Amino acid sequence: MTEQMRALRAERRGGPEQLTIDTIAVPSPGPGETLIEVHAAAITFAELTWDETWMHTPAIPGHEFSGVVADVADDVTDVSVGDEVFGLIRFELQGAAADYVVVPAADLARKPTRLSHAETAVLPLAALTAWQALFDVAHVSAGDRVLVHGGAGGVGIFAVQLARLAGATVTTTVRGDGVALASTLGADHIIDTDTADFTADFAAAGRRFDVVIDTIGGDTLHRSFDVIVEGGRLVTLQEPPDQARASSLGITATFFIVAPDVTELNYLAGLADRAELTVVLAATFPLGEGRAAFESGRGTHRPPGKTVLLVRP
Ligand SMILES: NC(=O)c1ccc[n+]([C@@H]2O[C@H](COP(=O)([O-])OP(=O)(O)OC[C@H]3O[C@@H](n4cnc5c(N)ncnc54)[C@H](OP(=O)(O)O)[C@@H]3O)[C@@H](O)[C@H]2O)c1
């Protein structure tokens, strides 16, 4: 195996302008670890703003990947060289925007056979976040009325679908091309925020959602408190919500950070293999154009879905 590889890296904290393609040594797996030949790594535009991304510099982004096991440590027995795998890389470790990445064997799931590596790469962070928000945190079940904010985004696309699969009635806020997409995902009610306000019928309908999954934050998070029934659950992905306000309304409000969970990833892979879960790619870029990939996240009304770096097209 070659001892050098390409990696998309940032020497110091900042935006996409910090990213360069560097040639660095291929890392070696330590005890319990594997070396993965990365085929595709998905990016989350906001990851360059997360403190966790900058725990080690130079930092390699892209913490969700699909690839092939290239090497394993002596003590690894449950995966083998040549296995097709995918996974979420813990945020304190280096990301997968590189030819190779070291990943603990315990964090590897089996790649769904129906999906390409590029399609698979969007599951670990985006779909797992949606799963954990809906089921591990909000305990959504059949009949719940769920509002998903940002239903055309990386996480939101999966949150809409997974909530529907669980038998919930799903309302989602979207805009631009997301409006057309949301109906194909099975959303029961679609609110185009370019023309409507999700709190607009609050006065008439009152608090009407059992669960809100907020992928947008800011003012959207702030106003979401008012539409949740007493005993309901608010889950937000950006910042810790106001606990005093939550308790005065009789709701729970939770911020959490997604964590690797191979059982959940294998379940999501099964849904994808049975065509019960749709994957939407906004765009693909070769690894060498990683900076442009992150720059494509600027602005609003972007194409729905996730952006993926193709490492071995
Ligand atoms: N805590 C965690 O573990 C965790 C995990 C994953 C992600 N996150 C966070 O969750 C957030 C979402 O991540 P993501 O990957 O899903 O991002 P994303 O792909 O950028 O999706 C966000 C979506 O929200 C839409 N949106 C924004 N404002 C809107 C509005 N006012 N009305 C309707 N739609 C609106 C965006 O549309 P436009 O293109 O029109 O703006 C986009 O479709 C990010 O802040 C990320 O940092 C947290």
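A. Structural view of the sheet that holds strand β13 (residues 252-255). On the basis of which strands lie adjacent, the open sheet formed by 6 strands has the order β10-β9-β8-β11-β12-β13 and parallel pairing. The sheet is open, and its two borders are formed by β10 (189-192) and β13, each paired with just one other strand. For this sheet, the mean inter-axis angle between neighbouring strands, taken without regard to orientation, is 15°. Bridge count between strand β8 (residues 145-149) and strand β11 (residues 209-214): 4 bridges; the pairing is parallel. Across the sheet, residue Val-148 finds its bridge partner in β11, namely Ile-213.

B. Just the site of the ligand, in detail. Of all residues adjacent to the ligand, which total 28 residues, the nearest are Ala-46, Gly-150, Gly-153, Gly-154 and Thr-193. Counting only elements with at least two residues in the shell around the ligand, the list comes to α2 (123-137), α3 (154-165) and β9 (169-174). Its residues assigned to classes, the shell around the ligand comprises 11 nonpolar, 15 polar and 2 charged. Each of domain 1 (4-122 + 279-310) and domain 2 (125-255) contributes no fewer than three residues to the shell around the ligand.

C. Representation of the packing of α2 against α3. Axis separation between α2 and α3 bottoms out at 8 Å; the angle between their running directions is 50°. Relative to α3, α2 is oriented oblique. The handedness of the crossing between α2 and α3 is right-handed. Only Gly-154, Val-155, Phe-158, Ala-159, Leu-162 and Ala-163 of α3 make contact with α2, whose side of the interface consists of Ala-126, Ala-127, Thr-129, Ala-130, Trp-131, Ala-133 and Leu-134. For the contact of α2 with α3, the residue count by class is 11 nonpolar, 2 polar and no charged.

D. Structural view of the domain arrangement of the protein. Partitioning the protein into structural domains gives domain 1 (4-122 + 279-310) and domain 2 (125-255). Summarising the inter-unit geometry, the C-alpha centres of domain 1 and domain 2 are found 28 Å apart. Along the lines of polarity and charge, the residues of the side of domain 1 that touches domain 2 split into 6 nonpolar, 4 polar and 2 charged.

E. Representation of helix α8 (residues 262-273) in the model. An ideal rise of 1.5 Å per residue puts 16 Å on 12 residues; α8 measures up with 16 Å between its terminal C-alpha atoms. Those residues of α8 that sit buried are Glu-264, Leu-265, Leu-268, Ala-269 and Ala-272. Projected onto a plane normal to the axis of α8, the buried residues spread over an arc of 145° and lie on a single side. Those residues of α8 that are buried are in contact with β5 (84-88), β7 (109-110) and α2. At the C-terminal side of α8, Ala-275 shows a positive phi close to 60°.

Reading the values: the criteria
Residues numbered from 1 in each chain as written. Predicted model: local features only at pLDDT ≥ 70, side-chain atom pairs only at ≥ 80, totals over all residues. Pairing = 2+ DSSP bridges. Helix = DSSP H or I, 4+ residues; strand = E, 2+ residues; numbered from the N terminus. Axes fitted to C-alpha atoms, helices over the stretch in contact; angles between N-to-C directions. Near = placed C-beta within 6 Å. Nonpolar A, V, L, I, M, F, W, Y, C, P; charged D, E, K, R; others polar. Domains from an automatic or database assignment. Parallel < 35°, antiparallel > 145°, perpendicular 65-115°, else oblique. Left-handed = near helix turned anticlockwise from the far one by under 90°. Contact = placed C-beta atoms within 7 Å. Expected span 1.5 Å × (residues − 1). Buried ≥ 20, exposed ≤ 12 C-beta atoms within 10 Å, placed from the backbone. Arc of directions from axis to C-beta.

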